[in-house]
Amino acid sequence: MDLIRIGTIFIEDLEVGMMRNLHKTITDHDITLFAEVSTDRNPVHLDQTYAEDTLFKGRIAHGMLSAGLISAVIGEQLPGHGTIYLSQSLKFTAPVRPGDIVEARVTVMAVDPVKRRVTLETRCLVGDTVVLKGEAVVLAPSRN
């Protein structure tokens, strides 16, 4: 996983249009670990033979595994350490498969410095294909 600019951007320094991202190759090990931690052992994620008979024609990663990458960008980069999630909407638009490189991208859409709230566009992509899109509202850390 390639994380950049780890740390905190305080509410006082946030601007509409700021963007941060990370890239992660989704491995079989990631999917197995996510199944263990979440207890979601749906065979579409774990059993190739089963998954071949689904509309996906093969195994796919848990959608929430990609969503977790958005959380990593928010918690580590934008706004970063000390950020508190208030809400997150998600729409899954395409599957992620083992071996895919997922880019999680977070962009500032609005900043409310009085309430310390930030609205973020959240997306995950595999190449040029958007696999997940949504919006998050977070409580950003302040210098004060």
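Higher on the page you've got the structure.
Residues numbered from 1 in each chain as written. Predicted model: local features only at pLDDT ≥ 70, side-chain atom pairs only at ≥ 80, totals over all residues. Heavy atoms only, no water.

> Mind showing me how you'd approach the overall build of the protein here?
The helix and strand inventory of the protein stands at four helices and six strands. Each helix (α) and strand (β) of the protein, taken in turn from the N terminus, gives the series β-β-α-α-α-α-β-β-β-β. Its C-alpha atoms give the protein principal-axis dimensions of about 55 × 25 × 25 Å. Working note: accessible area of the protein is about 7600 Å², and carbon and sulfur atoms make up 53% of it. Charged side chains in the protein number 15 positive and 18 negative. The centres of these two groups are separated by 5 Å. (Helix = DSSP H or I, 4+ residues; strand = E, 2+ residues; numbered from the N terminus. Areas by Shrake-Rupley, 256 points an atom, 1.4 Å probe, with all protein chains shown as cover. Lys, Arg positive; Asp, Glu negative; His and termini not counted. Charge placed at Lys NZ, Arg CZ, Asp CG, Glu CD.)

> Any chance you could explain the environment of Leu90 here in plain terms?
In this structure, Leu90 sits in strand S3 (residues 84-92). Taking C-alpha positions, Leu90 is 6.7 Å from Leu132, a pair spaced 42 residues apart along the chain. Those residues within four positions of Leu90 in sequence are excluded, and the remaining contacts are Met64, Ala67, Leu132, Lys133 and Gly134. (Contact = heavy atoms within 4.5 Å.)

> How should helix H1 (residues 28-38) be read in this particular structure?
Along an α-helix, residues three or four positions apart point the same way, because every turn accommodates 3.6 residues. By the burial criterion, the buried members of H1 are Asp30, Ile31 and Ala35. The buried residues of H1 occupy an angular sector of 135 degrees when the element is viewed end-on, so they sit on one face. Structural note: H1 exposes His29 and Val37 on the side pointing more than 90 degrees away from its buried face. Those residues of H1 that are buried are in contact with strand S2 (19-25), helix H2 (43-46) and helix H4 (63-76). At the exit of H1 stands Thr39, carrying a positive phi of roughly 65 degrees. (Buried < 20%, exposed > 50% of the residue type's maximum accessible area, 1.4 Å probe, protein only. Arc of directions from axis to C-beta.)

> Before we go on, may I ask you to explain the side chain of His62 in this structure?
Mapped onto the secondary structure, His62 falls in the loop between helix H3 (48-52) and H4. In contact with His62, not counting residues within four places along its chain, are Ile31, Phe34, Ala35, Asp40 and His45.

> Can you help me understand the nonpolar core in this one?
As a rule of thumb, nonpolar side chains are buried together in soluble globular proteins. Judged by nonpolar contacts, the single largest core of 29 residues is most densely connected at Leu14, Ile26, Val118 and Leu120. Elements with a contribution of two residues or more to this core: H4, strand S4 (101-112), strand S5 (117-126) and strand S6 (129-139). It is H4 that contributes the most residues to this core, seven residues altogether. Here Ile26 is in contact with Ile31, Ala61, Leu65, Leu69, Val96, Arg97, Pro98, Gly99, Asp100 and Val102, once residues within four sequence places are set aside. (Core = buried A, V, L, I, M, F, W, Y, C linked by side-chain atoms within 4.5 Å.)

> Is there a simple way to explain the environment of Gly75 in this structure?
Looking at the secondary structure, you find Gly75 in helix H4. Through-space distance from the C-alpha of Gly75 to that of Met64 is 16 Å; in sequence the pair is eleven residues apart. Once residues lying within four places of it in the same chain are set aside, the contact partners of Gly75 are Gly80 and His81.

> Before we go on, may I ask you to explain H4 in this structure?
Given a rise of 1.5 Å per residue, 14 residues ought to cover 20 Å, and the 21 Å separating the end C-alpha atoms of H4 matches this to within 8%. Looking only at H4, the buried set comprises Leu65, Ser66, Ala67, Leu69, Ile70, Ala72, Val73 and Ile74. Summarising the contacts, the buried residues of H4 are in contact with S2, H1, S3, S4, S5 and S6. (Expected span 1.5 Å × (residues − 1).)

> I'm lost on the layout of surface pockets in this one. Help?
Over the atoms rolls a probe the size of a water molecule, and in doing so it shows where empty space is left. One number sums up the size of the largest pocket: a volume of about 160 Å³. As for the largest pocket, its lining consists of 13 residues, of which Ala61, Gly63, Phe92, Ala94 and Pro95 are closest to the centre. Looking at side-chain class alone, the lining of the largest pocket contains nine nonpolar, four polar and no charged residues. (1 Å grid on protein atoms, 1.4 Å probe; cavity = no way out; pocket = protein on both sides within 12 Å on 5 of 7 lines; lining within 4 Å. Points joined across faces, edges and corners; volume = space filled by probe spheres on them. Nonpolar A, V, L, I, M, F, W, Y, C, P; charged D, E, K, R; others polar.)

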